[in-house]
Every structure is written in C-alpha cells, then in structure tokens.
Amino acid sequence: IKINVCSYDSSALVVNNFSVSGENGTATFSWSQVNGASGYDVLVYRGNTLLASATVTGGVCSATISGLPVSEKLTSKVRAFVNTEATRTNGEFSIIGDFTINPERVKNLKCVDVTKSSFALDWDDVNDISGYEIYKFDENTGGYKLIRNVSESYFKFTSVKAGFSCNYMVRAYKTVGNQNFYGEFSTPTAGYTYKKNLSNLKQTDVTKTTVKLAWD
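Summary of the structure given here. If you're wondering where the values come from, they're calculated on a predicted model, not measured in any experiment. Position numbers for residues start from 1 in each chain and track the written sequence from start to end. The predicted origin of the model limits local features to residues at a pLDDT of at least 70 and limits the giving and counting of side-chain atom pairs to 80 or more, whereas totals for whole chains, interfaces and linings rest on all residues. Side-chain metrics in this entry use all non-hydrogen atoms of the structure; hydrogen atoms and water are not considered.

1. Remarks on the overall build of the chain
Under the scheme used here, helices are H or I runs from DSSP no shorter than 4 residues and strands are E runs no shorter than 2 residues, and both carry numbers assigned from the N terminus. Counting secondary structure elements, the chain contains zero helices and 18 strands. Atoms counted for the radius of gyration: C-alpha only. Globule rule: 2.2 Å times residue count to the power 0.38. Taken over C-alpha atoms, the radius of gyration comes to 29 Å for the chain, far larger than the 17 Å a tight globule of 216 residues would show. For the chain, the spread of C-alpha atoms along the principal axes amounts to about 120 × 45 × 30 Å. Here the chain holds 216 residues, and the buried ones make up 35% of them. Whether two residues are in contact is decided by their heavy atoms, any of which lying within 4.5 Å being enough. Contacts in the chain between residues far apart in sequence, at least 24 positions, make up 59% of those at least 6 positions apart. Asp and Glu count as negative and Lys and Arg as positive, but His and the ends of the chain are not part of the count. Charge positions are represented by NZ for Lys, CZ for Arg, CG for Asp and CD for Glu. Separation of charge centres in the chain, based on 22 positive and 20 negative side chains, amounts to 10 Å. Partly exposed describes any residue whose relative accessible area lies between the buried limit of under 20% and the exposed limit of over 50%, with all areas from a 1.4 Å probe on protein chains only and scaled to the type maximum.

2. Notes on the pairing of strand β5 (residues 62-65)
Side chains Ala 63 and Ile 65 of β5 all project onto a buried face; the interleaved residues Ser 62 and Thr 64 project onto a face where none is buried. Any two strands between which DSSP finds at least two bridges are classified as paired. Direction of pairing for strand β2 (residues 26-30) relative to β5: antiparallel, over a ladder of four bridges. Bridge pairing in β5 places Ala 27 opposite Ile 65.

3. Concerning the nonpolar core
Residues Phe 29, Trp 31, Tyr 40, Ile 65, Leu 68 and Phe 99 are the most contacted members of the largest nonpolar core, which totals 24 residues. Secondary-structure elements contributing two or more residues to this core are β2, β3 (39-46), β4 (49-57), β5, β6 (74-83) and β8 (94-99). Discounting chain neighbours no more than four positions away, the residues touching Phe 99 are Val 20, Ala 27, Phe 29, Val 44, Glu 72, Lys 73, Leu 74, Thr 75 and Ser 76. Only buried residues count toward a nonpolar core. Its members are Ala, Val, Leu, Ile, Met, Phe, Trp, Tyr and Cys residues joined through side-chain atoms within 4.5 Å. With 19 residues, the next largest nonpolar core counts Val 106, Tyr 132, Phe 157 and Val 170 among its residues.

4. Thoughts on the pattern of salt bridges
The salt bridge criterion pairs a side-chain nitrogen of Lys or Arg with a carboxyl oxygen of Asp or Glu, the two atoms within 4 Å. Following the criterion strictly, the structure yields seven salt bridges and no others. For Asp 41, the salt bridge goes to Arg 79, with nearest N and O atoms at 3.0 Å. Here the residue Asp 41 occupies a position in strand β3, and Arg 79 occupies one in strand β6, the gap between them amounting to 38 residues. Notably, a salt bridge pairs Glu 104 with Lys 107, separated by 3.2 Å at the nearest N-O pair. Classification of Glu 104 as buried rests on a relative accessible area of 17%. Using a relative accessible area of 42% as the deciding quantity, one classes Lys 107 as partly exposed.

And the structure:
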C-alpha cells in the first residue's frame with residue numbers, strides 16, 4: 001500500500017497587514033488573506049501571560065476577542081495554518097506591537113432637569129474607568145474647551161442665566177500609573193436654560209381696534 005503524505009511550506013504562510021482596534025474590553029483583529037491557508041490563530045498577551053486566543057477558519061481574515069482589560073498595554077500575534085489529511089502546518093507568528101483598548105465612547109448625552117437658572121447633563125455609565133471630562137464649545141476659538149472632571153455620569157450647572165444655550169461633549173478616561181487613556185467624545189449636545197418669563201405685562205394705548213402691550 002502506497003501512502004501519499006502531503007506537506008506544505010510553512011515559509012509561505014506569512015501574515016501581512018495585521019492590525020487591531022477596539023474599546024470597552026473588546027478588540028477586533030484583521031489581516032490580509034494568505035493564499036492556501038485553512039485558518040488563523042490569534043493570541044493576546046499581557047507581558048508574557050496569555051490572556052486570550054481565537055481560531056478562525058473558512059477564509060475569515062478577522063477575529064473579535066472580548067473580556068480584555070481596558071487601558072493596559074497588551075501584545076497580540078497571528079499565524080496562518082494549513083490542514084491536510086496528514087498534519088497541520090503552522091506559519092510563523094506575525095506580531096503587532098503594544099496596543100491599548102481605550103474606554104468606551106460616551107453615549108446618550110442629554111440635557112435634563114432644566115429650569116430658568118440651571119440644567120444638568122446626563123449620559124450612560126461607562127464601565128471600568130476613572131472618570132469623565134466635560135467639554136464646552138468656545139465661540140472665541142471655534143473648538144471645545146475642558147471645563148470639568150467628574151466621577152459620575154451626571155453633572156448639574158447652577159447660577160446660569162435664563163435663555164442660555166451652548167453645546168457640550170463628554171468623554172471617559174482611565175488613569176493607569178501617570179497616564180490617561182481616553183475614549184471617543186460623545187455626540188455634541190446643547191445644554192440650555194428656559195427663557196425668563198415676562199413680568200409686569202400691561203396694556204397701554206387701548207382703542208376700539210388696537211392695543212399696545214408693555215412689560216419690564
């Protein structure tokens with residue numbers, strides 16, 4: 001009986017254009033397809049400790065891994081492999097340098113609890129962070145300026161003039177050591193107060209067909 005054993009040159013299994021993106025503990029890895037590959041192994045490390053791995057097949061050139069730590073330096077690598085009837089041939093790992101998963105983007109920023117002299121900004125909580133930064137639109141520069149650091153997903157502005165309106169944005173951050181890692185900014189949202197009610201409204205110069213109104 002003659003047995004044919006197929007082999008594959010592992011040097012041909014080179015993964016290129018390996019990249020990673022992610023937020024809120026989830027990273028998505030992508031790379032260029034390797035001709036003849038049966039699948040790919042993706043590994044994620046913190047230092048020398050393996051944190052997570054994923055294997056994809058069927059021509060898929062991306063993988064998503066969840067449950068990763070936020071705002072910590074991680075390393076990832078990917079390799080292609082070929083399955084034959086006789087064996088599995090692994091290519092060399094392609095390594096991406098240190099990467100960091102930033103906090104999640106702030107969502108559902110809105111203006112609440114509005115009065116003539118106060119209003120509040122409220123948004124969805126972001127997990128595993130140190131705090132939030134509130135930015136206000138600056139008409140002088142045409143950009144946004146940091147005005148507050150807060151720890152909760154709610155902040156009330158008081159002693160505001162009636163009829164006030166201005167755009168705000170918020171982003172989350174996490175401090176690791178002496179470094180801050182930032183999530184993306186929220187969609188801009190207007191903070192505002194109600195206009196002041198008219199006072200001492202009175203009628204003047206009343207005729208059969210006209211009336212004038214006056215107020216303070």
